[in-house]
Structure formats: structure tokens, C-alpha cells
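# Close look at the chain arrangement
Here is what each chain is made of, one letter per residue.
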Amino acid sequence: MAKDDEKQDKDPKGDPKVDKDPKQIPEAAIPVDGEISIAEPERAPAVADLPLLPLRDMVVFPFMVVPLFVGREKSIAALDRALDSNKEIVLVAQRQAKTNDPTPVDIFDTGTVASVIQLLRLPDGTVKVLVEGRRRVHITDYLDSEVLHLVRVNDADEDEEESVEIEALVRQIKNTFESYVKLNKRIPPELLVSVQSIDEPARLADTIVGQLTLKLADKQEILETLSPRKRIERILELMQAEIEILQMERKIRTRVKKQMEKTQKEYYLNEQMQAIQKELGERDEFKADIVELEERISAKEMSEEATERMDKELKKLKLMSPMSAEATVVRNYIEWVLALPWMEMTVDKADVAEAEAILEEDHYGLNKPKERILEYLAVQQLVGSLKGPILCFVGPPGVGKTSLGRSVARATDRKFVRLSLGGVRDEAEIRGHRRTYIGAMPGKVIQALKRATSSNPVILLDEIDKLSHDFRGDPASALLEVLDPEQNHAFNDHYLDLDYDLSQVLFITTANSLHSIPPALQDRMEIIELPSYTEWEKLAIANQYLVPKQRAANGLDDVEVEFSEGSLRLLVNNYTKEAGVRSLEREISSIARKIAKKVIDQGEKGKNATYRVTARNVPNYLGPIKFRSSRKEDEHQVGLASGLAVTNYGGEMLVTEVSILPGSGKLVLTGSLGDVMQESAHAAMSYVRSRGHSFGLESDFYRLVDVHVHFPEGAIPKDGPSAGITMATSLVSALLRVPVRSDVAMTGEITLRGRVLPVGGVKEKLLAAHRSGVTTVLIPQENEKDLHEIPKRVLNALTIKPMSHMDQVLRLALELTDPDKFLAEPSEAIDWRVATMKENREDRNATEPTRH
């Protein structure tokens with residue numbers, strides 16, 4: 001405790017205050033070693049000059065024994081003055097407890113004269129004193145003294161009243177005090193015996209008021225009340241209020257105790273706080289939430305089924321305890337249902353021309369998906385209401401599938417939400433969890449609608465071909481209902497357990513390939529293939545989109561930066577190898593960053609300079625070229641034919657090499673070939689063997705040699721049947737020692753009888769052929785219908801020959817002096833099995849003996 005405080009409190013050792021009976025204290029004592037002083041006071045006259053001890057936050061009443069800690073110098077001096085005279089001191093409360101050096105204005109005018117019973121000087125300089133209140137006094141004057149507070153006081157004349165009313169008040173206050181003691185456990189029950197023995201109204205009132213927990217103002221008011229009757233009435237009023245508070249506290253504790261478990265301390269505190277708020281008449285937060293939910297349900301436009309379910313769930317919620325776990329589950333369910341945009345929809349853009357302009361602004365090319373979206377908007381404008389289409393954009397990475405979905409939303413003026421399905425393996429991710437599970441939530445489709453805040457957004461299901469499945473279910477099967485226009489008008493999420501209309505949603509899915517998408521799911525979608533970009537498309541995209549975008553992103557808008565067509569072509573062919581333009585954008589960004597660094601290094605001069613990026617200085621920015629463009633051979637070579645293939649990066653020219661070695665008839669295939677490609681090689685070899693006599697080969701030629709077929713770049717896996725005619729051409733060239741024309745490339749599947757079957761990716765293959773410098777391309781005759789997709793500049797530069805049989809391919813591919821005479825006889829394969837059986841039968845007849 002601070003040395004300048006005098007208050008009823010614990011001593012420095014932490015011992016609580018103990019009121020002592022003055023009868024237990026010796027009647028007289030002499031100071032011993034300056035520590036303890038005990039004396040029997042003498043009665044002072046009615047008007048007297050006495051030392052004053054200001055008190056903080058407490059009032060001492062007559063007949064009240066209380067210990068005090070005294071630390072202020074003037075207060076200690078007042079105690080010394082009292083001990084030197086008649087041991088009496090005036091105890092008066094300060095108006096403000098924080099005042100350290102009170103003046104007469106800071107001290108009340110009415111106090112109590114007390115006698116010093118016991119005094120103990122502590123080692124820290126403070127004094128512990130035990131005093132007993134004697135009588136009320138009024139301060140009439142403050143005497144001059146710099147050492148201590150010295151005042152002149154008059155005894156307060158208390159009214160002496162004796163009547164039946166006083167007797168009744170005395171009995172009532174005793175009974176009320178008894179009730180108070182039973183409720184307040186801080187007052188010892190033994191005090192009741194002492195109180196019951198007091199008959200004087202004034203003393204009884206002063207004794208009881210000292211035990212009550214009252215404010216300083218209330219205690220001072222009672223001290224200043226001289227009429228015992230009025231004093232008892234006021235004490236009864238205050239004590240009755242205290243009893244009501246204590247009863248309410250007990251009631252609250254009892255109510256809360258019934259609702260809680262013994263170990264849930266936090267739960268108990270929350271319940272107690274709510275019970276207090278309820279008893280104080282404050283607004284019940286839980287009831288307010290219920291009212292708010294009722295208003296939201298009545299205002300929300302939902303389906304009839306959802307409205308009925310909400311009314312039922314709200315009734316259940318009203319009967320639950322707000323702190324129960326079930327109430328939280330029900331509350332979350334209601335919040336989810338109310339957060340969905342049941343009948344809220346955006347208005348589609350009516351101007352088809354404006355929508356077309358937006359699509360053209362965002363993407364170069366991609367005519368098929370653009371046409372499909374514009375068709376939908378046109379029909380929507382004519383019909384007025386149309387189910388949303390379900391489109392699937394299939395194409396290699398980087399061709400703009402995801403960004404096209406966002407552009408479709410902008411063109412139709414709808415909200416856009418993207419859901420990534422890559423790696424999703426739980427069916428509940430699509431249809432949600434049932435409410436019985438802890439932490440249950442709706443599926444991704446319902447969550448997307450909540451984020452979109454409308455029931456007709458564009459929802460992009462990205463990477464639908466990357467869906468997985470395990471013991472938790474098959475999410476692809478769950479999508480069957482979502483993506484079926486005949487079913488999704490009543491989509492039922494496991495969490496909501498309500499039918500939700502998804503028919504107005506425009507679903508767009510994206511995939512890199514179709515082989516991993518279940519056929520049933522493919523059947524529900526409209527497949528739109530996005531091919532890889534051609535070289536000219538990449539150049540146009542770079543000029544119109546990527547270069548301006550990277551200039552702005554790298555702070556070069558105000559700097560003159562020019563990319564020549566040669567530099568962009570070099571970036572496309574030798575620094576990137578992709579179907580899309582992501583790597584191309586990264587390379588352009590890398591150049592832009594290096595130019596930005598130059599601008600900063602050169603200061604103001606750099607900002608005014610012009611930076612030209614040409615094919616010659618691109619290596620200065622990006623280093624040596626990273627990829628070698630496939631080019632046709634300069635000379636015709638034996639056993640080497642140029643095929644065409646489609647990879648993840650677009651079309652490529654694939655060289656096939658065949659070597660004939662002495663051996664025992666083995667067919668060796670190298671170059672990281674897949675099963676289909678190996679089977680195609682065997683089919684090509686079987687064709688050559690079946691046509692051996694037409695080629696002028698011995699019937700058993702294959703037994704004397706080993707044939708090695710190799711595809712360069714062996715680290716890259718290769719598969720597919722489209723290299724069949726290429727391998728057959730290389731085999732015939734190597735066996736006949738006739739060169740293959742270097743300006744011819746080919747693609748097509750071969751059968752055992754030499755028929756050329758159609759293949760895919762004709763557009764990419766022809767673009768690769770044009771890029772590689774060949775002039776003639778042999779394609780299957782059935783692929784002639786795909787030539788309308790080829791750019792005119794490519795068709796004009798290439799001579800495209802549709803082939804139906806392998807004999808035709810050989811006449812055009814091999815370097816022959818007279819192609820028309822080559823294989824002029826009918827191209828029917830020899831039935832080697834029949835011939836072999838005939839030879840074997842003749843051999844047996846010659847060796848078997850004649851039977852008679």
C-alpha cells in the first residue's frame with residue numbers, strides 16, 4: 001500500500017482486517033519502544049479542537065471498531081497529537097479518494113469522533129491503528145496548522161424518539177438484517193447475536209450500517225442523518241435493495257447451475273451473463289436473431305418447398321437452447337438456404353453485335369466457340385427463355401479455354417464463377433455432405449451459386465478431365481445430374497435436401513483430352529475442340545495482345561518499344577514449343593523486364609530512347625535458342641521418310657529411319673514407341689512381306705535380315721497409328737535401295753492389305769509440313785473433308801494428295817524413274833499360307849512310300 005493512503009484494507013503482510021471487540025483490549029497501555037500505544041480515552045467537551053484524519057473511500061460510524069493503515073505525514077501527526085491528549089481523533093471521509101493533500105473543500109463536514117485503541121508502527125514508516133467510533137460531530141472550523149489537520153467540532157445532537165413506530169422499525173430492521181446475513185456469506189453469523197441484543201435505535205442503526213456494502217455517498221448520507229427513525233428507514237430501504245440483488249444473484253446461480261455440467265466453466269460464464277441480461281430486461285440477442293430470421297424468410301423469394309422447410313426449421317430453432325450444438329447446425333442451414341439466389345437472375349445482353357465485339361476483343365481466332373455463344377444469345381433473344389447450354393472446350397494447354405469462359409460471361413453480361421475440379425476425388429465435393437456430419441457444407445455447385453449471387457451465372461468447371469475417384473465415390477458420376485439439361489432443373493444437394501433449378505446456368509467445362517472423361521458425361525456436353533494456334537495466329541496474338549499487355553505490366557507504356565515480326569517469329573519457333581501462348585508471353589515478359597532495367601540504368605536518357613527487338617538481338621536478351629525447328633532433309637535418302645504427328649505442342653514433322661542388317665528376321669523398334677505405334681510397325685512389315693514378289697524380293701528375304709525401325713528424339717514418348725504409311729515407305733525404300741523424296745511428308749494408318757485409313761489432327765500436321773519446308777503432303781483420302789479448316793495460305797503453298805492405298809503412296813514418295821510402271825500389276829497380296837501348305841504337301845508326297 002502507498003504510504004499516503006488511510007483506508008480499511010489488508011496490512012502489508014496480506015492479513016485481512018479483523019474487527020476486534022474493545023473489551024479484549026487492555027484498558028491502559030504505555031508506548032513501548034515507540035511501536036504500540038494503548039490508552040483509555042477521556043470524554044471531550046461538546047465543543048473541542050481535535051486532530052483530523054481524512055479517510056479514503058470509507059465512513060466510520062459510532063460504535064464501530066475498525067483498523068486503519070495511515071501513511072500520510074499529516075495523518076500520522078494527527079495520530080501522535082491524539083495520543084498526546086485525550087486519544088480522540090476526528091474521522092471524516094474525503095469527497096475524492098484520489099486527493100492526496102485534501103483541503104477543507106475536499107472533506108465532508110460531518111464525521112465521527114473516534115478513540116485510538118491500539119497503534120502499531122510498521123518498518124516501512126506507515127502506522128496501523130485500531131480505532132473505535134464514539135459520536136457524530138460537525139466540523140465548524142479548520143484551525144491553522146501546517147503539520148496536521150486540526151479542526152473545531154460540535155457534537156451532533158441526535159433526536160431521542162420512543163414510540164410504537166420506533167419499536168416496530170427496530171424489530172423490522174433486525175429481521176431484515178437476519179435475512180441479509182443469510183444471503184451474504186461474508187458476514188459471520190455470530191454478528192446476529194450481537195445485533196439482537198442491541199435495543200437502542202441509534203446504536204442499532206450504526207452497528208448494522210457498518211456491515212452493509214454501500215456506496216460512499218449513501219453511507220455519508222446516513223452518517224449525516226441525526227434522527228434514528230429516519231436513519232433506520234433509510235437503512236431498511238438500502239438493505240432491502242441489497243437483499244433483492246443478493247436474491248437475484250442466487251436465482252441466477254441456481255438457474256445456470258441446472259443448465260451446465262460441472263466441468264464447463266466457459267459455458268457457465270456465458271449462461272450467467274445471459275441470465276443477467278435477461279433479468280435486467282435487456283434485449284435478448286437470441287430472440288432478436290430469431291426475429292431477424294423470420295423477417296428474412298418472409299422477404300426471401302424461394303421455391304415453395306424451400307419456404308416450407310425454412311418455416312419448419314425456424315420452429316425447431318425456437319425450441320432449442322441457443323448454446324446447443326443442434327441449434328448451431330440448424331442456424332447454419334437456415335443461413336445457407338437464405339444466402340442462395342433462388343429467383344434472382346441477371347438479364348442477358350440483348351445486343352448480339354456488342355457481344356460479338358467483346359469476344360473478338362478478348363480472343364483472337366477460336367471461331368467455333370464464339371459462333372456457338374452468339375447462336376445461343378440470338379435464340380435467347382427470339383425465344384425469350386432458353387435452357388443454358390453445356391459446353392466442353394477441349395484443347396491443349398494455353399490456347400485460352402479458361403479465359404474464353406470468362407470472356408463468355410462478359411459477353412453475355414452474366415456473373416462468372418470458376419470451379420477447379422483437378423484432383424477432386426470425393427463425390428461430396430459436388431453434391432455436398434449430409435447435415436448429420438460435423439462441419440457439413442453444400443457442394444461446390446451450390447457454393448458457386450452463392451458466390452455468384454444469381455441463378456443464371458456462367459460456371460466454368462475447369463480441368464474436368466482431371467477428376468479422380470476412390471472409396472469416397474466418383475465425382476464424375478455426380479456431375480451427370482448437374483450437366484444434364486433434362487435433370488438439372490431439380491438438382492438435389494445432399495446438404496440442402498431441396499431441389500434447386502440449375503437449368504438457367506451456362507455451364508462451360510474445359511479439358512485437355514477426352515479419353516479420361518466417361519462416355520456418359522461426354523454425351524451430356526457439347527464438345528467444342530480448340531486446336532493449337534498456328535504460327536500466324538501466335539504472331540497476331542503476340543502483336544495485338546501480349547506485347548501491349550507486357551509493356552503495361554512492366555511500366556513501359558511511355559517507352560518506345562518495338563518487336564519486329566522476325567523477332568516474334570523467332571520466339572515462336574525457337575524459344576517456345578507449345579500449342580498455346582503461355583511460354584511466348586513469358587519470353588516477351590522476360591525481354592520487357594530487361595528493357596525496363598535498361599531504362600532505369602540510363603535514367604532520363606533511357607526513357608527517351610527507342611528499343612527495337614529484332615531476330616538478331618533476341619539472343620542478347622534470352623540467350624541461345626532453346627528449340628530446333630524440324631526441317632526437311634536437303635537430299636533424298638534411302639530408308640528415311642518424313643511423317644507428320646500431333647503432340648501437346650501442336651503439329652511436328654517426325655522422321656522415320658530404317659536400316660537393313662544381316663540377321664535372322666528380327667524387327668527392332670526403338671524411339672520410345674507406344675503399343676499402338678509398335679503394332680502399326682508390325683502391320684507395315686506384314687504389308688511389305690505380302691507384297692514382296694511385287695517389289696522383286698525373294699520370298700524368304702525377311703529370314704536373312706534384321707530390320708531396325710527408329711524414330712529420333714527417343715526421350716519423347718510417341719504413340720498412335722498415323723505413322724503406318726511412313727514406316728511402310730521407309731521399309732520399302734530400305735529394302736529396294738530406292739531413296740525417298742525429301743520434299744514429301746505423309747500421314748495415315750495402314751492395314752495389312754495396304755489400305756490407307758483416316759487419322760486426326762490434319763490441320764496441325766499440314767501446318768507442321770508447311771513450317772518444315774516440304775511441298776507435297778500425302779494424306780488419307782477420307783481426310784479430304786478436313787481441308788476446309790486449313791488456312792488458304794497453307795493450301796496454296798502445299799500440294800496435297802489424298803491417298804487410298806499404299807501403292808499410290810509409294811509411287812509418289814519414292815524417287816522412281818518411271819512411277820507409273822512401279823507396281824503396275826494388280827495389288828493383291830499372295831496367300832503365303834496356301835502356297836506354304838501346297839509346298840509342304842508336295843514334299844510329304846515325295847518322301848512317303850507308296851502303299852498298295
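Criteria and cut-off values
Residues numbered from 1 in each chain as written. Predicted model: local features only at pLDDT ≥ 70, side-chain atom pairs only at ≥ 80, totals over all residues. Heavy atoms only, no water. Helix = DSSP H or I, 4+ residues; strand = E, 2+ residues; numbered from the N terminus. Buried < 20%, exposed > 50% of the residue type's maximum accessible area, 1.4 Å probe, protein only. Contact = heavy atoms within 4.5 Å. Areas by Shrake-Rupley, 256 points an atom, 1.4 Å probe, with all protein chains shown as cover. Salt bridge = Lys/Arg side-chain N within 4 Å of Asp/Glu carboxyl O. Pairing = 2+ DSSP bridges. Axes fitted to C-alpha atoms, helices over the stretch in contact; angles between N-to-C directions. Parallel < 35°, antiparallel > 145°, perpendicular 65-115°, else oblique. Left-handed = near helix turned anticlockwise from the far one by under 90°. pLDDT = per-residue confidence, 0-100. Polar contact = N/O pair within 3.5 Å; in protein donor to acceptor, adjacent residues only side chain to side chain. Expected span 1.5 Å × (residues − 1). Phe/Tyr/Trp six-rings, centres within 6.5 Å; stacked < 30°, edge-to-face > 60°. Lys NZ or Arg CZ within 6 Å of the ring centre and 35° of its normal.

## Here we look at the overall build of the chain
- Within the chain, the regular secondary structure consists of 29 helices and 26 strands.
- For the chain, buried positions account for 47% of its 852 residues.
- Taking all contacts inside the chain whose residues are at least 6 apart in sequence as the whole, residues at least 24 apart take part in 73%.
- Here the chain has roughly 44200 Å² of accessible surface; of this, 49% comes from carbon and sulfur atoms.

## Comments concerning unusual backbone geometry
- Look at D497: it is not a glycine, yet its phi comes out positive at around 55°.
- Tracing the sequence through the fold places D497 in the loop between β10 (491-492) and β11 (499-500).
- You can call D497 partly exposed: its relative accessible area is 40%.
- Its identity is not glycine, yet R737 carries a phi of approximately 60°, on the positive side.
- By secondary structure assignment, the location of R737 is in the loop between α25 (724-736) and β21 (739-740).

## Brief notes about the pattern of salt bridges
- Under the criterion given, the structure shown has 40 salt bridges.
- Across the pair R435 and E313 runs a salt bridge whose closest N-O atoms are separated by 3.3 Å. Note that R435 is positioned in the loop between α14 (428-431) and α15 (444-452) and E313 in helix α9 (residues 304-318), a separation of 122 residues in sequence.
- Under the relative-accessibility criterion, E313 is labelled buried at 3%.
- Salt-bridge contacts for K466 lead to D465; the nearest nitrogen and oxygen are separated by 3.1 Å.
- A residue is classified by how much of its surface remains accessible, and K466, at 36% relative accessible area, is partly exposed.

## Let's talk about the environment of I187
- Within the secondary structure layout, I187 lies in the loop between α2 (164-183) and α3 (190-196).
- Expressed as a C-alpha distance, the spacing of I187 and Q211, which sit 24 residues apart in the sequence, is 7.4 Å.
- The contact partners of I187, leaving out residues within four places of it in the chain, are Y180, V181 and Q211.

## Describing the sheet that holds strand β17 (residues 640-647)
- Read from one edge to the other, the open sheet built from seven strands follows the order β19-β20-β18-β17-β22-β25-β26, with strand pairing classed as mixed. Strands at the two margins of the open sheet, each flanked by one partner only, are β19 (667-670) and β26 (799-803). This sheet shows a mean twist of 25° between the axes of neighbouring strands, independent of strand direction.
- Across eight bridges, the pairing between β17 and strand β18 (residues 650-662) is antiparallel. For S642, the partnering residue across the bridge sits in β18 and is V655.
- Sheet strands in contact with α25 are β17, β18, β20 (705-710) and β22 (744-746), and its direction is about 30° off that of β18.

## Notes on the packing of helix α23 (residues 675-690) against α25
- In the contact formed by α23 and α25, the axes pass within 9 Å of each other and the chain directions differ by 45°. It follows from the interaxial angle that α23 and α25 lie oblique. As α23 packs across α25, the resulting crossing turns out to be right-handed. Contact with α23, carried on its side by M677, S680, A681, A684, M685, Y687 and V688, involves G724, M727, A728, L731, V732 and L735 of α25 and no other residues of that element.

## Digging into the environment of G133
- Within the element layout of this structure, G133 appears in strand β5 (residues 127-143).
- Residue G133 is classed as buried on the basis of its relative accessible area of 2%.
- A sequence separation of 45 residues divides G133 from E88, and the C-alpha atoms of the two residues are 9.6 Å apart.
- Apart from residues lying up to four places away in sequence, G133 is in contact with V60, F61, P62, F63, M64, T112, V113 and A114.

## Considering the confidence of the model for the chain
- Looking at the chain as a whole, the pLDDT averages 81, with 87% of positions reaching at least 70.
- Considering only residues more than four positions removed or in separate chains, one finds that residues 826-841, a stretch of pLDDT under 50, has 13 contacts.

## Some remarks on the environment of R95
- Along the chain, the position of R95 falls in the loop between β3 (88-93) and β4 (110-121).
- Classification of R95 by relative accessible area gives partly exposed; the value is 40%.
- Between the C-alpha atom of R95 and that of A217, which follows or precedes it by 122 residues, the distance is 8.9 Å.
- Ignoring sequence-local partners within four residues, the contact set of R95 consists of V105, D106, I107 and F108.
- From its side chain, R95 meets the backbone oxygen of V105 in a polar contact 3.1 Å long.

## Side note on the side chain of T510
- Tracing the chain through its elements places T510 in strand β12 (residues 506-511).
- Of note is the side chain of T510, whose polar atom sits 3.0 Å from the backbone nitrogen of E463.
- The residues contacting T510, other than those within four sequence positions of it, are F393, K401, T402, L460, L461, D462, E463, I464 and D465.

## Observations regarding the sheet that holds β12
- Taken together, five strands build an open sheet; the order of strands is β8-β9-β12-β7-β13 and the sheet is parallel. Every other strand in the sheet has two partners, leaving β8 (416-420) and β13 (526-529) as the edge strands with one partner each. Sheet twist, expressed as the mean angle between neighbouring strand axes with direction ignored, is 20°.
- Inspection of the sheet shows β8 paired to strand β9 (residues 458-462) by five bridges, in the parallel sense. Across the sheet, residue L419 finds its bridge partner in β9, namely L461.

## Comments concerning the pairing of β18
- Across six bridges, the pairing between β18 and β20 is antiparallel. Considered in β20, the bridge of I660 is made with V707.

## A closer look at helix α10 (residues 325-339)
- When the terminal C-alpha atoms of α10 are compared, their 21 Å separation across 15 residues agrees well with the 21 Å that a helix rising 1.5 Å per residue should span.
- Within the sequence span of α10, burial applies to A327, V330, Y333, I334, W336, V337 and L338.

## What to know about the packing of aromatic side chains
- Throughout the structure, instances matching the rule amount to six aromatic pairs.
- When the ring of F701 is compared with that of Y702, the centres are 5.8 Å apart and the planes differ by 90°; the resulting orientation is edge-to-face.
- By way of ring pairs, the aromatic residues Y687, F695 and F822 are connected into one cluster.
- Taking NZ or CZ as reference, K450 lies 4.1 Å from the ring centre of W336, over its face.

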